[in-house]
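Observations on the model geometry
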Amino acid sequence: MLCPFHLAINVHDLDEARSFYGGVLGCTEGRSTQTWVDYDFFGHQLSLHLGPILKTENTGHVGEHLVPMPHFGLALPLTDWTALAGRLEEVATDFVLSPQVRFKGEPGEQWTMFFRDPSGNPIEVKGFPEMSGVFAS
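Structure report, in brief. (Residues numbered from 1 in each chain as written. Predicted model: local features only at pLDDT ≥ 70, side-chain atom pairs only at ≥ 80, totals over all residues. Heavy atoms only, no water.)

Time to look at the layout of surface pockets. Looking at the largest pocket, its volume works out to about 310 Å³. Ranked by residues supplied to the lining of the largest pocket, first place goes to strand β7 (residues 72–77) with three residues. Among the residues forming the lining of the largest pocket, the class breakdown is ten nonpolar, three polar and no charged. Reported here for the second largest pocket is a volume of approximately 170 Å³. (1 Å grid on protein atoms, 1.4 Å probe; cavity = no way out; pocket = protein on both sides within 12 Å on 5 of 7 lines; lining within 4 Å. Points joined across faces, edges and corners; volume = space filled by probe spheres on them. Helix = DSSP H or I, 4+ residues; strand = E, 2+ residues; numbered from the N terminus. Nonpolar A, V, L, I, M, F, W, Y, C, P; charged D, E, K, R; others polar.)

Shown next as structure tokens:
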């Protein structure tokens with residue numbers, strides 16, 4: 001059984017965050033106050049609070065690339081991933097790692113992309129032709 005996770009992170013500006021998470025990513029806004037806003041982040045609860053951003057460093061090895069650690073993200077069916085990648089490309093997202101495939105033809109074949117929200121929080125979104133591939137070894 002998969003259960004929704006809850007993640008709370010800081011952002012610099014709630015209006016910017018609303019434009020990105022609600023507008024670009026298409027997440028539905030939930031409850032909010034003057035200092036935080038909740039989103040339905042693809043079936044999970046994401047709470048964005050005003051505050052200092054967590055320090056990240058490019059120390060995560062993804063193939064030949066170094067990606068920001070820590071980061072958060074999600075796994076989507078490939079059709080949804082492709083649609084999201086298209087929306088991000090339409091708004092000229094500055095990708096940390098542009099949309100691409102990893103482990104082609106291997107167990108766990110996946111498409112991935114890394115980008116940052118307007119406050120600099122790193123996000124990875126993976127796409128799977130079959131969702132059973134998420135835990136493939």
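Every regular strand shows the same layout, with side chains that alternate between the two sheet faces. As judged from the three bridges shared by strand β2 (residues 28–32) and strand β3 (residues 36–41), these two strands associate in the antiparallel manner. By the bridge assignment for β3, Thr28 is matched with Asp40. In sequence, β2 turns back onto β3 through a hairpin of three residues. In the sheet, β3 pairs with strand β4 (residues 44–50) via six bridges, with the strands oriented antiparallel. (Pairing = 2+ DSSP bridges.)

With that out of the way, let us pick up helix α1 (residues 14–24). Where α1 is concerned, the buried positions are Leu14, Ala17, Phe20, Tyr21 and Val24. Seen from one end, α1 has its buried residues packed into an arc of 160 degrees, which puts them on one side. Facing away from the buried surface of α1 by more than 90 degrees, the exposed residues are Asp15 and Gly23. Capping the start of α1, Asp13 holds a side-chain oxygen 2.8 Å from the backbone nitrogen of Asp15, two or three residues further along. Taken from the residues just after α1, Gly26 is the one with a positive phi, measuring 75 degrees. (Buried < 20%, exposed > 50% of the residue type's maximum accessible area, 1.4 Å probe, protein only. Arc of directions from axis to C-beta. Polar contact = N/O pair within 3.5 Å; in protein donor to acceptor, adjacent residues only side chain to side chain.)

With omega at -10 degrees, the peptide bond leading from Met69 into Pro70 counts as cis. On the secondary structure map, Pro70 appears in the loop between β6 (65–69) and β7. Backbone geometry at Phe42 places phi at a positive 55 degrees, although glycine is not the residue there. By secondary structure assignment, the location of Phe42 is in the loop between β3 and β4. Among the residues examined, Phe42 registers a relative accessible area of 31% and is labelled partly exposed.

This part takes up the side chain of Thr112. Along the chain, Thr112 turns up in strand β9 (residues 110–116). Among the polar contacts made by the side chain of Thr112, one reaches the side chain of Glu124 at a distance of 2.8 Å. When sequence neighbours within four positions are dropped, the list of residues in contact with Thr112 reads Trp81, Leu97, Ser98, Pro99, Gln100, Arg102, Glu124, Val125 and Lys126. (Contact = heavy atoms within 4.5 Å.)

The quantities given are spatial measurements derived from coordinates; they are silent on function.
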